[in-house]
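A closer look at the structure
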Amino acid sequence: MDRRAFLQAMAASLALAGTGCRGRPPHGIISRVEGTAAVEVEWFATVMPSEGYGRGIVVRTNHGHPTKVEGNPDHPESLGATDVFAQAAILSLHDPVRSRTPRHAGNPATWEQFAEAWEIRRTRFRTNSTPILAILAEPTTSPTWLRQIHALLDDFPSARWYQHAPLGSHSHRGHLPEFDLAQAEVILTVESDLLYRHPAALRHGRALAGRRLSEPGKPLPPRFYAIEAVPSVTGAVADFRLPMAPARLSAILPAVDRCLRDPAAAPGLEPAADGFVRDLADAMRRARGRVVVSAGPACNDRIRDWSDRLNLHYGRDVVRWRRDVRSDRNPRCHGGLADLAAAITVGEIDTLVVCGLNPAYAAARDLRYGELHARIPFTVHLGEHWDETAMLSTWHLPEAHFLESWSDLRGAGGIASIQQPVRLPEAESRNAAELLHYLRSGTTAGSETLVRETWRAAGANDEDRWVSWLQRGIVDEPMHGDEFVTPPEDGTAELPPSVGKADGLSALFTPDPNVLDGRWSANAWLQELPKPLTQLAWGNAILLSPALASRLGVQNGDVLRCSTASGELDAPAWTMAGQADNTVALSLGYGRRSAGPLASGLGYDANLARSAESPWHTAVLALRKTGGHALPVCAQGHFQMDGRDLARVLEPAIASPALAPAHRTSLYPPRAGGNPAWGMSIDLSACLGCNACVLACQAENNIPVVGREQVARGREMHWLRIDRYVTGDPAQPRFVAQPVPCMHCENAPCEVVCPVGATVHSSEGLNDMVYNRCIGTRYCSNNCPYKVRRFNFLDYGGDARAAGGANPRVTIRERGVMEKCTYCVQRINAGRIAAEVAGRPLRDGDVRTACQQVCPASAIVFGNLADPASEVSRRAASPTSYALLDELNTRPRTTYRAALRHPPRP
């Protein structure tokens, strides 16, 4: 046997040996490809829960191990894209600190022991209406879960159902506005992160980006206005943004009404707000019928009534109201968390079951929920982690990950999908529907059985139909909730003043963009991911406007004590350009007391200063420096371009040939043009700066997590970063996001300085890294003007790579070598092999990089520059296309198209 044959045989043996652990379930699940024969790579359609709604995804498995999540192109709420949370779900699936066994009073126990303890109580609840059983859960759209809770309420006379939405609700009075951003001419958001934190955010991002792509000759994109106190992902891409504290909305919004009724009316505001309101009212009158107004979950009911009224009068062609498919206003629900706390206070609750929530941490301090929870004689907590609520519960039960169990969910538009598992569970865990079934009946039923019973009437017993649902990820039944309604109009209602004085200091409570309310705290990818606007990682800070920081004499890192009527907290300060003056922003999700070794004690707990009556903003009683200093970890040290033309912004319909890269004389020898010649184009008009591409790159390429200390030293390992630039007045700046991968330069400065030839140029234009040649001189990194190379200083571990979640087609690098973007060369090779097997040449679109595939805005395009008909060639030839640092004559294969932003009307 020669050497090649020996290595092939050994590789096959190792591959077979590696599939014996936790592979795919033995039967039941259906891949996207016809047939179910075991192959190396399979894709499975399923659905991911997101604040109770469902988003269609497909999951790649390699030899039965889930390694990557992508959007389901057949699902209307994802359209082939995903967000950072879907990408991070793979790491959560492989989380080593997830609960594995039940616990009784904190001690290891078994499901059998829980069954014995529950059977006594179950008999009492069936026959007696005195002891009250309470179920607390997050609102959901799952038909199977709702069927189980209704059955439990029917069987147990004393049972009560409470719901708690820690992140708020985007529906209003039971109706969810549905926006058609592809047809809108004016968009106004009021404290609404429409493109990032919304059940239809991916759909919104795709629709808006289609209107804003830098296409010469295209109709003008919609005029985008945002009113918000703290910059959000959505506000950062708006054409016009008005920083405004919540207490001032009662003056701004009536001024909009006055200017809509009378064009000659004076808003009566300060100059900046006056011009914003006049321009907005003028634009809305011109675009009558095609106006979208969105008020976010932090707005009170009267403001949301106001947005509904404007949509009725000015947005009839682009706004519809659908009955919300989430269970927020279910008539059988007994109330929210405050109602449950009141019932516990008077001793009404005998037994409490908490499904998937952590109220002992996430509840407002004045509820004193932890103390109340501990009073209940018998408490059950179902969760993925041993968290703050689990510690106070009589029983903690491990919850199954959504990629390990069967369920079902509806998207924001009502369409249903079956959630099928993609691997066997790592432990004996249950999902919420299984637990409810057991609590009611005392018998165990598999989650697949429960789901098929729910959908029997719709055809689940028809095997061909069931297989079709699983393959496509969509249930082909009439859309539930497809009844569009018209909300009642209250045109005489006056907007009441918000909490706090208009000239006082207000505290705003915002879910952290990476860990939300703390539910993602244990995910290392999200902890290390720079937050979209502040670029902070591994913690949170008190955000202040530059003007307020100047008045208080506060520098970044100064520890402040913020006091409200509910409590006080200490945290480091961080100045945020574009934040409303007289406001401090407190982010939720940190200061955890029990979240595993990764996140426990990281940052501060904003819930300590929060009240149940006003959960999103409150008055600040005092804000002062403590004398301490703790500089937060930030991945970007400078946010200004300082006169350099890096991220370019143009007005619509302007196409300047000066943006085209110039051809300069070079000392580098000319390179023969190859075919294919791989290249990339990034449209800054479409880019949302949502960071989905950064996490997709990390998941695809086995990029390690380095930890808080290393990030603080500037040693983050992400192969793709998003630079954030702030231009103009710091009080009302313009934000621009610029993704920066390896440029794959034709005249690559890194290649000529490598003493061992570890960085080389391929015939297809890729700047390749030969890892086993690299000796770690870092000369290439020093010579790279784009700073896109990452050095493996240490032997990093403890992430998905060590737990079976690594992509086997990408080499896991060892300590002491340089890493960087490769244009996903493994995907290029896979596309080439597939084309050869099919007996055809590579076509445009056969190869999609991880960052391109995940992008909800289609901002990134990859392909063959040697093909003049390819999309990347067409974009690169656009008059708005340019090369980053083109004056250096590196001739990068990655180019950009300038962002388009409307100028204010004269």
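Residues numbered from 1 in each chain as written. Predicted model: local features only at pLDDT ≥ 70, side-chain atom pairs only at ≥ 80, totals over all residues. Heavy atoms only, no water.

Some points on the packing of helix 4 (residues 143-155) against helix 14 (residues 432-441)
- Packing of helix 4 against helix 14 brings their axes to within 9 Å, and their N-to-C directions diverge by 20 degrees. The angle between helix 4 and helix 14 falls in the class roughly parallel. Crossing geometry of helix 4 relative to helix 14 is assigned as left-handed. Contact with helix 4, carried on its side by Thr144, Trp145, Gln148, Ile149, Ala151, Leu152 and Asp155, involves Ala432, Ala433, Leu436, His437, Leu439 and Arg440 of helix 14 and no other residues of that element.
- Broken down by class, the residue content of the contact of helix 4 with helix 14 amounts to eight nonpolar, three polar and two charged. (Axes fitted to C-alpha atoms, helices over the stretch in contact; angles between N-to-C directions. Helix = DSSP H or I, 4+ residues; strand = E, 2+ residues; numbered from the N terminus. Parallel < 35°, antiparallel > 145°, perpendicular 65-115°, else oblique. Left-handed = near helix turned anticlockwise from the far one by under 90°. Contact = heavy atoms within 4.5 Å. Nonpolar A, V, L, I, M, F, W, Y, C, P; charged D, E, K, R; others polar.)

Some words on the pairing of strand 32 (residues 734-740)
- Across the seven residues of strand 32, six count as buried, placing the element largely inside the fold.
- Bridge analysis of strand 31 (residues 721-727) against strand 32 gives seven bridges, and the strand direction is antiparallel. Across the sheet, Val726 pairs through a bridge with Phe735, a residue of strand 32. (Buried < 20%, exposed > 50% of the residue type's maximum accessible area, 1.4 Å probe, protein only. Pairing = 2+ DSSP bridges.)

Observations concerning the nonpolar core
- Leu181, Ile418 and Trp455 are the most contacted members of the largest nonpolar core, which totals 134 residues.
- Ranked by residue count, the leading element in this core is helix 2 (residues 84-93), at eight residues. (Core = buried A, V, L, I, M, F, W, Y, C linked by side-chain atoms within 4.5 Å.)

Considering helix 7 (residues 249-261)
- Helix length check: helix 7 (13 residues) gives 18 Å between terminal C-alpha atoms against 18 Å at 1.5 Å per residue, within 8%.
- Of all the residues in helix 7, the buried ones are Leu249, Ile252, Leu253, Pro254, Ala255, Val256, Asp257, Cys259 and Leu260.
- On the buried face of helix 7, the contacting elements are strand 9 (186-190), strand 10 (223-228), strand 11 (240-243), helix 8 (271-286) and helix 9 (301-314). (Expected span 1.5 Å × (residues − 1).)

Notes on the sheet that holds strand 16 (residues 395-398)
- Read across the open sheet, the seven strands follow the order 5-4-16-15-14-6-7; overall the sheet is mixed. Both outer strands of the open sheet, strand 5 (107-108) and strand 7 (160-163), are each paired with one neighbouring strand and no more.
- Note that strand 4 (residues 103-104) and strand 16 share two bridges and pair antiparallel. Looking across to strand 16, one finds that His104 is bridged to Trp395.
- Docked against the sheet, helix 4 engages strand 6 (132-137) and strand 7, running at close to 145 degrees with respect to strand 7.

What to know about the packing of aromatic side chains
- Scanning the entire structure with this criterion turns up 18 aromatic pairs.
- Ring geometry for Trp406 against Trp466: centres 6.0 Å apart, planes inclined by 25 degrees, an arrangement best described as stacked. Of the two residues, Trp406 is situated in the loop between strand 16 and strand 17 (407-410) and Trp466 in helix 16 (residues 463-472); the sequence distance between them amounts to 60 residues.
- Taking the relative accessible area as the measure of exposure, Trp466 reaches 1% and is therefore buried.
- With a centroid separation of 4.9 Å and 85 degrees between ring planes, the pair formed by Phe791 and Phe793 is classed as edge-to-face.
- Counting every residue linked through ring pairs, the aromatic cluster contains Trp111, Phe114, Trp118, Phe125, Phe156, Phe378, Trp395 and Tyr438.
- Over the aromatic face of Trp466 sits the side chain of Arg452, whose NZ or CZ is 4.4 Å from the ring centroid. (Phe/Tyr/Trp six-rings, centres within 6.5 Å; stacked < 30°, edge-to-face > 60°. Lys NZ or Arg CZ within 6 Å of the ring centre and 35° of its normal.)

Observations regarding the sheet that holds strand 2 (residues 53-62)
- Pairing in this open sheet of three strands is antiparallel, and the strands run 1-2-3 from one edge to the other. Unpaired on one side and paired on the other, strand 1 (41-50) and strand 3 (65-71) mark the two borders of the sheet. On average, each strand axis in the sheet is inclined to that of its neighbour by 35 degrees, with strand direction left out of account.
- Pairing of strand 1 with strand 2, which is carried by 10 bridges, proceeds in the antiparallel orientation.

Here we look at the side chain of Asp274
- Tracing the sequence through the fold places Asp274 in helix 8.
- When its relative accessible area of 16% is taken as the criterion, Asp274 is described as buried.
- Ignoring anything within four residues of it in the chain, the contact list for Asp274 reads Pro267, Gly268 and Leu269.

What about the environment of Arg316?
- Relative to the assigned elements, Arg316 resides in the loop between helix 9 and strand 13 (319-323).
- Counting along the chain gives 26 residues from Arg316 to Arg290, while the straight-line C-alpha distance between them is 6.9 Å.
- Filtering out sequence-adjacent residues up to four positions away, Arg316 remains in contact with Gly289 and Asn311.
- A polar side-chain atom of Arg316 sits 2.8 Å from the main-chain carbonyl oxygen of Leu312. (Polar contact = N/O pair within 3.5 Å; in protein donor to acceptor, adjacent residues only side chain to side chain.)

Re the pairing of strand 14 (residues 349-355)
- Where burial is concerned, most of strand 14 is hidden: seven out of the seven residues are buried.
- As paired elements, strand 6 and strand 14 share six bridges and run parallel to each other. Across the sheet, Leu133 pairs through a bridge with Thr351, a residue of strand 14.
- Taken together, the five bridges between strand 14 and strand 15 (residues 378-383) define a ladder with parallel strand orientation. The residue of strand 15 that forms the bridge with Thr351 is Phe378.

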